Every structure is written in C-alpha cells, then in structure tokens.
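Take a look at the letters that make up each chain.
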Number of protein chains: 2
Amino acid sequence: MLELRLVQGSLLKKVMESLKDLVNDANFDCSATGFSLQAMDSSHVALVALLLRSEGFEHYRCDRNISMGMKLENLTKILKCAGNDDIITIKGDDGGDTVTFMFESPSQDKIADFEMKLMDIDSEHLGIPDAEYQAIVRMPSAEFARICKDLSSIGDTVVISVTKEGVKFSTKGDIGTANIVCRQNTTVDKPEEATVIEMQEPVSLTFALRYMNSFTKATPLSNTVTISLSSELPVVVEYKIAEMGYIRFYLAPKIEEDEDDTKPQV
Amino acid sequence: MLELRLVQGSLLKKVMESLKDLVNDANFDCSATGFSLQAMDSSHVALVALLLRSEGFEHYRCDRNISMGMKLENLTKILKCAGNDDIITIKGDDGGDTVTFMFESPSQDKIADFEMKLMDIDSEHLGIPDAEYQAIVRMPSAEFARICKDLSSIGDTVVISVTKEGVKFSTKGDIGTANIVCRQNTTVDKPEEATVIEMQEPVSLTFALRYMNSFTKATPLSNTVTISLSSELPVVVEYKIAEMGYIRFYLAPKIEEDEDDTKPQV
DNA sequence: ATGTTAACAG
DNA sequence: CTGTTAACAT
C-alpha cells in the first residue's frame, strides 16, 4: 500500500517537465525515505537522479519498497490534467500493476482520478558514490540557463573553467568563439543571486551543450543551481527542491582534444 | 428589406468562432423573431442551433422572412475585419443575392462595409422538439471546457454520469483511465461559479470527445454551460447569450458497448 | 493551416 | 495564477 499526498502539486508537474526531455521511461522508487528516481537519458550518456523526501509530503505512507515503471510521456499527459494548485495524491497497491493519481481542486469541488498502467522497465540502479569535487559553483539557475542557451547558438560544447575568482563558460564554433565569465559575487541583496565558488584546485572540463540545455529545464524548480566539477568525474548539476530534496543531473566530460590549451584561465 | 444593428459586435465574432470548426456552410434565417441558424456539422453527426432574438438588437427590421446561405469561412474572414467594440449592421434586400456588413468604430471615425455573395444551401430544417430531460447540469463553462480537453488527452469518448450528488466525466484509453467528479455546489461567491444539478433520475451516457471539444469553442459566449441529458436523446450543450438567446449543440450518445458497467456512479 | 509552447499582461 | 498573445514547430 502506497499513498503519497503532495499539497504543492505544481511541483510534480515541474519535475516532469524537467525530466521528460531527457528520459523516456523510468522506474519511480518508493521507500520509507521518499520518492525517488534514477535513470539514464535515452542515449545513455547522462544520468538523472531525483529525490523527494517523505518529510516533504503532507501524508506519506509506503508499507514496503516498491518500484513503479512509467512511460514519462503518459505521466506527463496525466499531470497536465492537474490544476496548478491542485493537491496531488499518488496511490498504489503492493503488487498492483497500476498507479492512481488523484487531483483535488483547492475548493474540493472537483476531484479527478487517473489510473495508469505500470510497465516493466529494466534499470540498472547505479550506486552514485559521494565524491570530493575540485570545484563547486553555486549560481542563479536562470543565469546558468541563459548562458547554456546563448553558448549553444555558437558551438556544441562548453568548456567550464573554474578559478577562485570565477567561472568561465567558453565555446567555439564556425562563426567564432565565446567566453562568458561569472565572477564570484557574494555581496548581493538576495542570497539566491550570489555566485559562490568553493574551490580546492582549478579545473577545466568540456561538456556537450545539448545535455546542459536539457538539464536547465529544471530551472523552475529552484532559484539556484550547483555545479560540481572534478577531472575524471561526471559533472553534477543540482537543483534543490525546497523542503523535499533535489534533482541532479550527471554528465561525463568530453575527452579534451587538446588542440589548444586546456588550462583554466578565467 | 433587412437591417439589423448590433452594438455589441464582438458577440457576432464570438458566435462565428464557436461555429466555424463545426459547420462549413449554413443558412442564416431572419424573421420577426430574430436571427437564427440551424445546421448539421460537416460529418452530419452533431447539430447546432443559434438564436439571437430581435429584442437583443439595437435596431431590428425584417420585413419578410429571409434565409441567407453563407460559407462560414468567408463570413469569418469578414468579421475578423470588425473591431471588438465596433457596432455591426447587417443589411439585405429581399430577393437580393448579397448581404452587407457594416462596421462602425465606437468613435465613428471608421466605417467599413463588406458585401458578401450569398449561396444556395440545401438545409433540412429539423424541428427540435422540446423534451423533458432526466438530468440537467449547469456548471462554469471554463471548467467544462477544461475537463473535455483534459479527458481527450487520455481517451476519445467521455461517459457523463449524473447523480444528485454530482456529475462524473470518465474516459478510458491506452494509457489508463480517468474520472473527474464535480460535486453539486451552490454555495459559491458568484452564481456563475455554481455547479447545479437538476435530476429526475440518474443517467449515464457516452459521447465522442472530439465533438464536445468543438462545442466548448463557445465558452467565451457565456460563463456557464448547461448540459441536458436523457437516455435515447441527444445531449444538449447550451451556452446562453446574454439578453439575446443561445447557442445549442446537440449530439447523439454513442451506443454503449457494455463491456463494463454503465451504471451512474458518482 | 494547425497545434503547441513560451513569454507577458491583468 | 489565469488568460492572452506571439512565436514556433509540425
């Protein structure tokens, strides 16, 4: 028996908007800890991990661990039927092959329920080790999204270079090159406008912009984004979900072709 | 001689937006009573009836009954040329084969007139008997439109089931099932937000969502919609046009395949 | 031509 | 937050 009640239903809608470009089908895992998902993108290059902790739900009952395979396109269709301020309840039976979504309008005058068939989905649930990162950048999520979008009109890859002064996003394409530098800046009115760099040592890594732009679909979930970088490790792009958890995207760096310098140089 | 002056010209524009998805050509009938239209949709499944009573016009002169056949696409093109607060005058000559639309801007600074050729259109003008309905539901038109749109992302047909507690809209599709229940609710701030059920006996009927979604194009004409249901009778979906009349859509229920229960169960 | 989505105004 | 509009993609 599974019953999760989420007052802020729009949050689930936003989560799906963040995922659906990247992932086609995925298993949602419920346990006493919370509601989580881990999935590779359809081309098996990027990985996404979602956690919504049980404490963030108004009501959370999960008698035994359960994994529910869903086609995200169908789930998105159903969530589109929920109003932005509807209360969403997710119900499942142990061993059942369906999941039920219930949407209650704030006035309680309209109650909708949608039953969706579950699917069997192979998933290798990778253990993601906690790692030390050479550099962690926290910045406004909208600014990061804008940078990725702007750079992708010039080139296909972005070089992210961190020094303790700031972070530089660079690209190169047929029409020329682009460099966008964000200086560390903690003296802002609101903490979410800050750009903060925690750096052990300078790092410079290259990533495909196509994936970065998919990751930024999660921008509505958080005002800030955290980018954790280490040589030899996948970058982690994390959007915290207030009171509940996070959505994290992992992407391996491109092997540098070394046609020019790869030294960090902000 | 025919001359109809309608101060609220936007109303005619909205009426055309409501009709044009459903009907290609139709006869507009003018009599002392008013300006009316009755037409089958292009696939001869649904029927639409429009009435704009003469009292709703600022000036209404109709010396003898006249039927004017128009291609709604052309009429729509012409009405697009009218401003939303223009005063619209419709003029025709007895036995003439054209109709003239005149648009006056509120400031009287701009006066446009458009003459359109009439067409001969076969039309079987069906007498629509007044019937007693087993159940009549009145609800906010926007809510009904939202429900039809949401359900059509899941399935092709909707089962409308009425009990005295409320009305249930259900569908079934490849990805699962959906049920949306609207409780009777008359204790709202504004009367147009109420959901009111007048029921003689419970009723449950199935309709094609495609047509329902066409009907809801009339939503801008009224804050509320009335749905009248009886077994064996076409459903009537009515949008009242303030001070003037109504637009009514008729659609025969689908014969239930009885693969599962058809009992009303809200 | 149509449907969907992103941005903006009320 | 809903409604509208504009741009976009199909």
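In what follows, the structure referred to is the one given above.
Remember, it's a predicted structure, so these values are computed and weren't measured experimentally. (Residues numbered from 1 in each chain as written. Chains lettered and ligands numbered in written order. Predicted model: local features only at pLDDT ≥ 70, side-chain atom pairs only at ≥ 80, totals over all residues. Heavy atoms only, no water.)

1. Observations concerning the interface of chain A and chain B
On the chain B side, the residues contacting the 17 residues of chain A number 18 residues. Remark: the boundary between chain A and chain B carries zero salt bridges. At the boundary of chain A with chain B, the tally comes to 11 residue pairs in polar contact (both at pLDDT 80 or more). Looking at the side of chain A that touches chain B, the elements with two or more residues in it are α2 (72-80) and β9 (110-117) of chain A. It is β9 of chain A that provides the largest number of residues to the side of chain A that touches chain B, a total of eight residues. Sheet topology note: the β9 of chain A/strand β13 (residues 176-183) of chain B ladder contains seven bridges and is antiparallel. Bridging from a neighbouring strand, isoleucine 111 of chain A pairs with valine 181 of chain B of β13 of chain B. (Contact = heavy atoms within 4.5 Å. Salt bridge = Lys/Arg side-chain N within 4 Å of Asp/Glu carboxyl O. Polar contact = N/O pair within 3.5 Å; in protein donor to acceptor, adjacent residues only side chain to side chain. Helix = DSSP H or I, 4+ residues; strand = E, 2+ residues; numbered from the N terminus. Pairing = 2+ DSSP bridges.)

2. Notes on the nonpolar core
Ranked by internal contacts, the top residues of the largest apolar core, which has 154 residues, are Met212 of chain A together with Met212 of chain B. Contacts of methionine 212 of chain A, omitting those with residues within four sequence positions, involve Phe144, Cys148, Val158, Ile160, Phe207, Val235, Val237 and Leu251 of chain A. (Core = buried A, V, L, I, M, F, W, Y, C linked by side-chain atoms within 4.5 Å. Buried < 20%, exposed > 50% of the residue type's maximum accessible area, 1.4 Å probe, protein only.)

3. Examining the sheet that holds strand β5 (residues 59-62) of chain A
The strand order across the open sheet built from nine strands is β5(A)-β1(A)-β7(A)-β8(A)-β9(A)-β13(B)-β12(B)-β11(B)-β15(B), with neighbouring strands paired in antiparallel fashion. Each edge of the sheet is formed by a strand with only one pairing partner; in this case those strands are β5 of chain A together with β15 (203-208) of chain B. The average undirected angle you get between the axes of adjacent strands in this sheet is 15°. Pairing analysis gives seven bridges linking strand β8 (residues 98-104) of chain A to β9 of chain A, with the strands arranged antiparallel. Looking across to β9 of chain A, one finds that glutamate 104 of chain A is bridged to isoleucine 111 of chain A. (Axes fitted to C-alpha atoms, helices over the stretch in contact; angles between N-to-C directions.)

4. Observations concerning the packing of aromatic side chains
Residues and elements named next belong to chain A. A complete count under the given rule lists 12 aromatic pairs over all chains for this structure. Between phenylalanine 28 and phenylalanine 35, the aromatic rings sit 5.4 Å apart at their centres with planes inclined by 25°, giving stacked as the arrangement. Judged by relative accessible area, which is 3%, phenylalanine 35 ranks as buried. Here the aromatic residues Phe215, Tyr239 and Phe249 are joined through ring pairs into a cluster of three or more. Positioned over the ring face of tyrosine 246 is arginine 248, at 3.5 Å from the centre of the ring. (Phe/Tyr/Trp six-rings, centres within 6.5 Å; stacked < 30°, edge-to-face > 60°. Lys NZ or Arg CZ within 6 Å of the ring centre and 35° of its normal.)

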